[in-house]
Amino acid sequence: MTELTEEKVMDAPDGQVWSQGFIKGMTEEGEQLSEINPASGPLGGSAANAHSHGDSHGGGVGIPDSSRAGRLTSYKLADFPLITGREEDWRFTPLKRLRGLDRVGVKGQGLDGDAPAVEVTKPDAVTVETVGRDDARIGTAGIPEDRVAAAAWENFKEATVVTLPAEYQGTVEDVTTLTLTGAGVTPAAAHIFVHAKKFASGVVVLDHRGTAVLSENVEILVEDGANLTVVSIQDWNDDTVHASAQHIKVGRDAKVKHVVINLGGSLLRTTPSARYAGTGSEVEMYGLYFADAGQHLEQRLFVDHSTNNCKSRVTYKGALQGEGAHAVWIGDVLIRKEAEGTDTYEMNRNLILTQGARADSVPNLEIETGLIEGAGHASATGRFDDEQLFYLQARGIPEDVARRLVVRGFLNEVIQHIKVPALEERMRDAVERELAATA
Amino acid sequence: MSTLEIKDLHVSIVTEQGVKPILKGVSLTIKTGETHAIMGPNGSGKSTLASTIAGHPRYTVDSGSITLDGEDVLAMTVDQRARAGLFLAMQYPVEIPGVTMTNFLRTAKTAIDGEAPKLRTWTKDVKAAMSQLRIEPEFAERNVNEGFSGGEKKRHEILQLELLKPKFAVLDETDSGLDVDALKVVSEGVNRAIETGGLGTILITHYTRILRYIKPDFVHVFVDGNIAEQGGPELADRLEEEGYDRYLAQAPATA
């Protein structure tokens, strides 16, 4: 595979505040402003420019976007300015295709459609409830970080709460699955709360299907000593628009594995963020996406190291094929001053299978303390090139089989980490289906 | 017995400077069991011939023909050619991340044979072939050519040759960059394929060294896209002593 970009592992300079806006050898695409949105916003290009060209080391004063630490969070829609498309957070998103999710409250744009229907399969010990907006748990694990998520927060009618009781020991066989079937194209809000109580362990799957224009908040609260896996599958119909802010709060000595699988939909924007509420905790984030012609699949994650001796690992891999297929991966990792002993590594790999597809990949690592175990990031976008195809074909392997062989191998690194046999099989099938679709 | 017949082959490539003819009327007939060495200076068209036989898209056949037992090879796709019994051991085998050797070999064998090999015998065959080529067992789980040294890549090319059992193999400078030990191991592999499988071999080389280990029946000297001279093994000996200068003096234009 032709490596278009390089890896780089950094050691934190002592005590230096360092905003890593770009890495050496980053692809041109990764560094350019998206031409998707018009250049007319009040924030203009200044914030985005400063960020993308890496010349604002530790900047922050007057540039709200430049450090992830300074980003606005609020439960109130009104606190967020209108999205222009020039913000760092939105510069890759084709706003016109959000079908109003970005303009809730403007010119009567509502968010009052029916939330996806929830179907549950679960082991007996796990509880799944539907609760009102006033439930005390809501808001204990997350807070919106963008206007779309805030709109969903203000507009959801009921929330679904999944609880793994204290010391519950789930296995990969008795998975709790919420099948969320979209209710149609009227813009809707949804709220899900996944709660692993102390020392609980188990797997929760959010399986999004059907057609929806949906803005969703998912709160994931992992109490002390718990070990939770959450897999969010977005396998929507082609016409779906889905923004999903997934807020993870992980307690002391707890572990969480968060898996995002973005396959179907017109525009998917998944923004997982992880925050630490104690020490000695571990966050693993995996992502797998397969963008076809015309699909915009955006993954923006944030790991906020604010406590000491915590670990994070991020591995996202995506394949792209077809005209207008667009994948975006932004990996923000912030190691705050107090997060001594942090150990973090984030990685994104893209495999471009055909002409006309585009991958933007931007790892951002901000380090405010030098007293860490390790901090690294890697980003590479490769092309399945003619030489590889020739080599495989020269061994008798037909083109479609060759393509499948390479993609399967490439994505398998993520699939094998899901560690839920039924899901692994489904993901392998899904990858086959994606390949068959445009082969 | 099979015959690979190349007739009056003209091949060109597109470069930034325009279309550049490389092969200018090559004719060559190879039968299974025969070993043909193709020698010549850099840029004489040796590797172009190899890639054209395999069907690399970079090369355009302007005229002439390649047939395998009368079947039109040029009409076949790259994979069809391989399934018809042609094999190219590449000069620079490419890395294929994410695909293990085991998976790759089994997929290739299945494609060539039209059915999956029987698991037990196949595993045994692979192990035996790897061991004969002094390939460590752990390579089976590594990705195709990824992080392999030059010598390891070449040994894996021959491993594929032995396992896929083609009728004809084109070895494109398989000897380049090999030390003597590796050269011997690789040559033994090729000789096994010739002896047990009746392989027809086109051995493309810049040096005569490999011809001490793989004995050619015929030697063809390529100069500027044409066969300048043909003969038996004695021609290789002469080249060893005299080099290619004699031919280049006649055609200095595009060495």
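Since the structure is predicted, the reported quantities are computational estimates derived from the model, not experimental observations. (Residues numbered from 1 in each chain as written. Chains lettered and ligands numbered in written order. Predicted model: local features only at pLDDT ≥ 70, side-chain atom pairs only at ≥ 80, totals over all residues.)

Student: Any chance you could explain the overall build of chain B here in plain terms?
Tutor: When you go through chain B residue by residue, the secondary structure sums to 8 helices and 12 strands. Viewed in the frame of its principal axes, chain B has a C-alpha envelope of about 55 × 40 × 40 Å. Burial analysis of chain B (255 residues in total) assigns 44% to the buried set. (Helix = DSSP H or I, 4+ residues; strand = E, 2+ residues; numbered from the N terminus. Buried ≥ 20, exposed ≤ 12 C-beta atoms within 10 Å, placed from the backbone.)

Student: How do you make sense of the interface of chain A and chain B when you look at a structure like this?
Tutor: Many structure descriptions define interface size as the accessible area lost when the parts assemble. Taken together, the contacts link 19 residues of chain A with 21 residues of chain B. Contributions of two or more residues to the side of chain A that touches chain B are made by α4 (386–393) and α5 (399–418) of chain A. In terms of residue count, α5(A) provides more of the side of chain A that touches chain B than any other element does, 7 residues in total. Residues of the side of chain A that touches chain B, tallied by class, amount to 10 nonpolar, 5 polar and 4 charged. (Contact = placed C-beta atoms within 7 Å. Nonpolar A, V, L, I, M, F, W, Y, C, P; charged D, E, K, R; others polar.)

Student: It is not clear to me how the UniProt feature "domain: SUF system FeS cluster assembly SufBD core" (unreviewed entry) in chain A should be interpreted in this structure. Could you clarify?
Tutor: UniProt marks residues 186–410 of chain A with the feature "domain: SUF system FeS cluster assembly SufBD core" (unreviewed entry), using the numbering shown here. Here residues 186–410 of chain A runs as 9% helix and 63% strand, with 37 Å between its end C-alpha atoms. (UniProt positions renumbered as here; feature names shortened; annotations may be inferred.)

Student: Help me out: how do you make sense of unusual backbone geometry in this one?
Tutor: For residues other than glycine, phi is negative in most cases, and the peptide bonds are mostly trans. Positive phi, normally seen in glycine, also occurs at Lys107(A), with a value near 45 degrees. Note on placement: Lys107(A) falls in the loop between α2 (46–52) and β4 (117–121). A residue is classified by how many C-beta atoms lie within 10 Å of it, and Lys107(A), with 6 of them, is exposed. With a phi angle near 55 degrees, Arg134(B) is a residue other than glycine that sits in the positive phi range. Inspection of the secondary structure puts Arg134(B) in the loop between α4 (119–132) and β8 (143–144).

Student: Help me understand the nonpolar core, please; the structure alone is not making it clear to me.
Tutor: Burial of nonpolar side chains together is a common tendency in soluble globular proteins. Core analysis: the biggest nonpolar cluster contains 186 residues, and Val222(A) and Val170(B) have the highest contact counts within it. With 11 residues, strand β8 (residues 201–222) of chain A is the largest single contributor of residues to this core. Look past the residues within four positions of Val222(A) in its chain and what remains in contact with it is Ala196(A), Leu228(A), Ile248(A), Lys249(A), Val250(A), Gly251(A), Ala254(A) and Val256(A). (Core = buried A, V, L, I, M, F, W, Y, C linked by C-beta atoms within 7 Å.)

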